[in-house]
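Breakdown of the fold
Next come the chains, spelled out residue by residue.
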Amino acid sequence: MCSGNDENGGGSESPVLSQNPSDYGRNLKILDTNDQIKELQTIIRDKNTQRSDFKFYADRLIRLVIEESLNQLPYSDCSVVTPTGAIYDGLRYRSGNCGVSIIRSGEAMEQGLRDCCRSIRIGKILVESNAETHAAKVVYARFPDDIAHRQVLLMYPIMATGNTVIQAVNVLKDHGVKEDSIILSNLFCTPVAARMVVTAFPDLKILTSELHPVAPNHFGQKYFGTD
């Protein structure tokens, strides 16, 4: 059995599907690509990248994905008084946000979320996949008691098949979380996984940095130094 490891994609190419995000519905969003993001993706995919560099640049990409994921959360209008006594009309997060990481690779994204939201609560889900059949099942879940009333950032960096995420979302829904209250924060997603997840959960929001048929399945091992 394997746990928390990029869905056992094995590094092989997925069947050919569209890489156009608009073909997967309105809830799949991809970071606006620029040279900086492309460089980060290249370093992470390069087999010759040393672990210290890998972790540094992975953390940079994680931060960008987390910050864009936070843009998908609901905000409320508010007014504050500045030190000069002026009134400033601004925004603040609505209360009730939390993160949930899929163990183990999803834990790589926890610090990026804490760096942006210092006091946010984070739950965990452990999904184990059979190495031969790729069948996934949840073996552990720990959430805030009131998670049914929260907006959830589900963190999982590599989505190769979609099996692990589907199991995790089912557990969240079993705990009363609404599908449209879940935002999947992801670094790399294959078209096969995107199709699987948006078909299963059309109201789930997905934020990723790249839609590509080959997933960097070495991510978890390289990040945590277990390769």
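Keep in mind the model is a prediction, meaning the values are calculated, not measured.

1. Section: the overall build of the chain
Looking only at helices and strands, the chain has six helices and 13 strands in total. A compact globule built from 227 residues would reach a C-alpha radius of gyration of about 17 Å, and the chain, at 18 Å, matches this within 12%. Here the C-alpha coordinates of the chain stretch approximately 65 × 40 × 35 Å along the principal axes. Counting over 227 residues, the chain shows a buried share of 48%. Sequence separation of 24 or more characterises 69% of the internal contacts of the chain that already satisfy a separation of 6 or more.

2. Things to note about the packing of aromatic side chains
Overall, the coordinates contain five aromatic pairs when judged by the stated rule. A ring pair is formed by Phe219 and Tyr223, whose centres lie 5.8 Å apart and whose planes are at 15°; its orientation type is stacked. Placement of both Phe219 and Tyr223 in helix H6 (residues 219-224) is noted, with a separation of four residues, approximately one turn of the helix. Classification of Phe219 as buried rests on a relative accessible area of 0%. Residue Tyr223 is classed as buried on the basis of its relative accessible area of 6%. When the centroid spacing of 5.2 Å and the interplanar angle of 70° are considered together, the rings of Tyr223 and Phe224 count as edge-to-face. You can call Phe224 partly exposed: its relative accessible area is 22%. Site record: aromatic cluster; members linked through ring pairs are Phe54, Phe219, Tyr223 and Phe224. Directly above the aromatic system of Phe224 lies the positively charged group of Arg104, at a separation of 4.0 Å from the ring centroid.

3. Structural notes on the sheet that holds strand E13 (residues 210-211)
Read from one edge of the open sheet, three strands run E9-E11-E13, paired in parallel fashion. Either end of the sheet is taken by a strand with one partner, and the two such strands are strand E9 (158-159) and E13. In this structure, strand E11 (residues 188-189) lies alongside E13, joined through two bridges in parallel fashion. Residue pairing in the sheet places Cys189 in a bridge with Leu211 of E13.

4. A word on unusual backbone geometry
Of note, the amide linkage connecting Ile103 to Arg104 takes the cis form, showing an omega dihedral of 5°. For Arg104, the location among the structural elements is in the loop between strand E5 (97-103) and helix H3 (110-116).

5. Quick look at the nonpolar core
Residues Val100, Ile147, Leu154, Val165, Leu172 and Val197 are the most contacted members of the largest nonpolar core, which totals 32 residues. For this core, the secondary structure elements donating two or more residues are E5, strand E6 (121-129), strand E8 (151-155), helix H4 (163-174), strand E10 (182-185) and helix H5 (191-200). Residue contributions to this core peak at six residues, all from H4.

6. A look at H5
All of the buried residues along H5 are Pro191, Ala193, Ala194, Val197 and Val198. Projection of H5 onto a plane perpendicular to its axis shows the buried side chains occupying an angular sector of 155°, all on one side. Contact partners of the buried residues in H5: strand E2 (28-30), E9, H4, E11, strand E12 (205-208) and E13.

7. Topic: the environment of Leu207
Structurally, the position occupied by Leu207 is in strand E12. Here Leu207 falls in the buried class, since its relative accessible area comes to 1%. Separated by 147 residues in the primary sequence, Leu207 and Arg60 place their C-alpha atoms 16 Å from one another. Apart from the residues lying within four places of it in its own chain, the contact partners of Leu207 are Lys29, Leu31, Val65, Glu68, Ser69, Leu184, Ser185 and Asn186.

8. Re the pattern of salt bridges
Here the structure, examined in full by the defined rule, presents nine salt bridges. With a shortest N-O distance of 3.6 Å, Glu210 and Lys38 are connected by a salt bridge. Here Glu210, found in strand E13, pairs with Lys38, found in helix H1 (residues 35-45); they are 172 residues apart in sequence, far enough to count as distant. Taking the relative accessible area as the measure of exposure, Lys38 reaches 43% and is therefore partly exposed. In this structure, the salt-bridge partner of Lys124 is Glu107, at a minimum N-O distance of 3.0 Å. You can see Lys124 sitting in strand E6 and its partner Glu107 sitting in the loop between E5 and H3, a full 17 residues away along the chain. Its relative accessible area of 15% is what places Lys124 among the buried residues. Among the residues examined, Glu107 registers a relative accessible area of 25% and is labelled partly exposed. Overlapping salt bridges, with partners in common, bring together Glu107, Glu110, Arg114 and Lys124 in one network.

Here is what the cut-offs are and how they apply
- Residue numbers run consecutively from 1 along every chain, following the written order of its sequence.
- In keeping with the predicted nature of the model, local features appear solely for residues at pLDDT of at least 70, side-chain atom pairs appear and are counted solely at 80 or more, and the whole-chain, interface and lining totals rest on all residues.
- Values reported for side chains reflect all heavy atoms of the structure, with hydrogen atoms and water molecules removed beforehand.
- Helix numbers and strand numbers start at the N terminus; a helix is a DSSP run of H or I with at least 4 residues, a strand a run of E with at least 2.
- The size measure is the radius of gyration over C-alpha atoms, and the globule rule it meets is 2.2 Å times the number of residues to the 0.38 power.
- Note on exposure labels: buried denotes an accessible area under 20% of the residue type's maximum, exposed denotes more than 50%, and partly exposed covers the range between, all computed with a 1.4 Å probe on protein chains only.
- Working rule for contacts: check all heavy atoms of both residues, and any pair within 4.5 Å makes them a contact.
- Working definition: a ring pair exists when centres of Phe, Tyr or Trp rings (six-membered ring for Trp) sit within 6.5 Å. Plane angles under 30 degrees give stacked, over 60 give edge-to-face, the rest tilted.
- By the criterion adopted, a ring carries a charge over it if an Arg CZ or a Lys NZ lies within 6 Å of its centre and within 35 degrees of its normal.
- The pairing criterion for strands is at least two bridges between them, as found by DSSP.
- Among buried residues, the Ala, Val, Leu, Ile, Met, Phe, Trp, Tyr and Cys ones that are joined through side-chain atoms within 4.5 Å form a nonpolar core.
- Within this analysis, the arc is defined by the directions that extend from the helix axis to the C-beta atoms.
- A pair is scored as a salt bridge if a Lys or Arg side-chain nitrogen falls within 4 Å of a carboxyl oxygen belonging to Asp or Glu.

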